[in-house]
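Inside the fold
The lines below spell out each chain.
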Amino acid sequence: MTFNDYLNLSANNYQEISNYYLSFLEEFSAKKFPYEKKLQFKGTATKFLNSIEDLTYLRKEKHEEYIKIIDQLNESLSIYDRRSKRSRVLNLIFPPQSSHRIESEFGIIYDRTIELINDANKTLKHRNGNLKINGFYEPKNSNKVQIKQLILEAIELIKQDNSITEKSKKQLLNYLNKVLTNLDSDYTNWTDIIGKIKETIIVLGALGGFIGGISPLFEAKEKLEQTTIVIEKTSINLNYNVINETFNRNEILNINPSNSYILQVGNNTVKESDQNN
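The shown structure was predicted, so the numbers you read here are calculated from the model rather than taken from an experiment. Residue positions are counted from 1 within each chain, in the order its sequence is given. A pLDDT threshold of at least 70 governs which residues receive local features in this predicted model, and a stricter bar of 80 or more applies before side-chain atom pairs are shown or counted, although totals over entire chains, interfaces and linings include all residues. Heavy atoms throughout the structure, all of them, feed into the side-chain values; hydrogens and water do not.

Quick look at empty space enclosed by the protein now. Unfilled space is identified by rolling a water-sized probe across the atoms. For cavity detection a 1 Å grid was placed over the protein atoms alone, and a set of points counts as a cavity when a 1.4 Å probe fits there but cannot get out; an open set counts as a pocket when protein lies on both sides within 12 Å along at least five of seven lines, with lining residues being those that have an atom within 4 Å of a point. Grid points are joined across faces, edges and corners, and a volume is the space filled by probe spheres set on the points. The tally for this structure, following the rule as stated, stands at one cavity of 30 Å³ or more. Here the largest cavity is characterised by a volume of approximately 50 Å³. In terms of lining, the largest cavity is formed by Lys62, Glu65, Tyr66, Ile69, Arg112 and Leu116. Labels follow the DSSP assignment, with helices taken as runs of H or I lasting at least four residues and strands as runs of E lasting at least two, numbered in each case from the N terminus. Among the elements that take part in the lining of the largest cavity, helix H4 (residues 60–84) stands out by supplying four residues, more than any other.

In structure tokens form, the structure reads like this:
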């Protein structure tokens, strides 16, 4: 792949972009940072960051820090090049910058790159890890506004509870705030959200059970249980193709002859058959 081909890749081609960028960095270092590669360096890095941001949430501070260390290495390379071209006398008076500093700065960039790739791969794994059942279950269709409101209500109830320590409260609230952050992200990880909510429901139930009596923790648990009902109701995708690929209609009608949705799908099938004839 040429440099121009790389720049023209869509940001959602994360795998190709990350592979190219890693190869670029390795060649850049192996060839002792040649000038032509230096000219491509920032553009290549920016493309990589755009791909990461297309896949997963990247904090603004982290983005800015990465660009800063790219600029820092480019500046060090420029100083090194200028000083290496000076006369021998000047170099004796003002020794050129050591290449060790450049290698150290490059090492930081490479380490940060691997960290970003590892984080992105985790997101990719979670995203590909949602239960697939012919498109019947699509958590991305869930009602985020309603889920967020219920979580905020649960948070307020936990704050009101005086039976647990402030340290315990903080841990619960931090955990639920991570769910809210995930919900606000353009790249919501529903596997993580559902897992965290269910974990919190278990913990709140155990805490409330240990305390006994009436506790706001039980009410908070009920709010979170309602979020799972919202997810269940709003994430189900019912259309003609999904129903046909997921269910044996005749078997369902034997079990429940009044199932209106399956009957409707059956009628559509008949109508289509009539039209084909």
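Quick look at the layout of surface pockets now. Roughly 570 Å³ of volume is contained in the largest pocket. Listing elements by their share of the lining of the largest pocket, those giving two or more residues are helix H6 (99–128), helix H8 (166–184) and helix H9 (190–211). For the lining of the largest pocket, the element with the most residues is H6, which contributes six residues. Among the residues making up the lining of the largest pocket, the classes are represented as six nonpolar, seven polar and seven charged. Amino acids are sorted into nonpolar (Ala, Val, Leu, Ile, Met, Phe, Trp, Tyr, Cys and Pro), charged (Asp, Glu, Lys and Arg) and polar (every other residue, Gly among them).

Before going further, it helps to examine the packing of aromatic side chains. Centre distance and the angle of the planes are the two values used to describe a pair of aromatic rings. Aromatic pairs are defined between Phe, Tyr and Trp rings, using the six-membered ring for Trp, whenever the two ring centres lie within 6.5 Å; interplanar angles under 30 degrees are classed as stacked, those over 60 as edge-to-face, and all others as tilted. All told, the structure shown has nine aromatic pairs when counted by the stated rule. Consider the rings of Phe28 and Phe41, whose centres lie 5.0 Å apart with planes at 50°: the pair is tilted. Taken together, the positions of Phe28 in helix H2 (residues 14–30) and Phe41 in helix H3 (residues 35–55) put the pair 13 residues apart, joining distant regions of the chain. For the pair formed by Phe28 and Phe41, the shared burial category is buried. Clustering of aromatic rings is evident, with ring pairs tying together Phe24, Phe28, Phe33, Phe41, Phe106 and Tyr110. Throughout, exposure labels follow a simple rule: accessible area from a 1.4 Å probe, protein chains only, divided by the maximum for the residue type, with under 20% read as buried, over 50% as exposed, and the rest as partly exposed.

A few words on the packing of H2 against H3. Note on geometry: axes are C-alpha line fits, over the in-contact stretch for helices, and angles between N-to-C directions span 0 to 180 degrees. Contact geometry of H2 with H3 gives a least axis separation of 10 Å together with a crossing angle of 150°. When the interaxial angle is binned, H2 and H3 end up roughly antiparallel. The two elements H2 and H3 cross, and the hand of that crossing is left-handed. Contacts between H2 and H3 involve Tyr14, Ile17, Ser18, Tyr20, Tyr21, Phe24, Leu25, Glu27 and Phe28 from the first element and Lys37, Lys38, Gln40, Phe41, Thr44, Ala45, Lys47, Phe48, Ser51, Ile52 and Leu55 from the second. A class-by-class count of the residues in the contact of H2 with H3 yields 12 nonpolar, four polar and four charged. Angle categories are assigned with fixed cut-offs, so that under 35 degrees is roughly parallel, over 145 is roughly antiparallel, 65 to 115 is roughly perpendicular, and the rest are oblique. For a crossing to be left-handed, the near helix must be turned anticlockwise from the far one by less than a right angle; the clockwise case is right-handed. Pairs of residues are marked as contacts when any of their non-hydrogen atoms sit within 4.5 Å.

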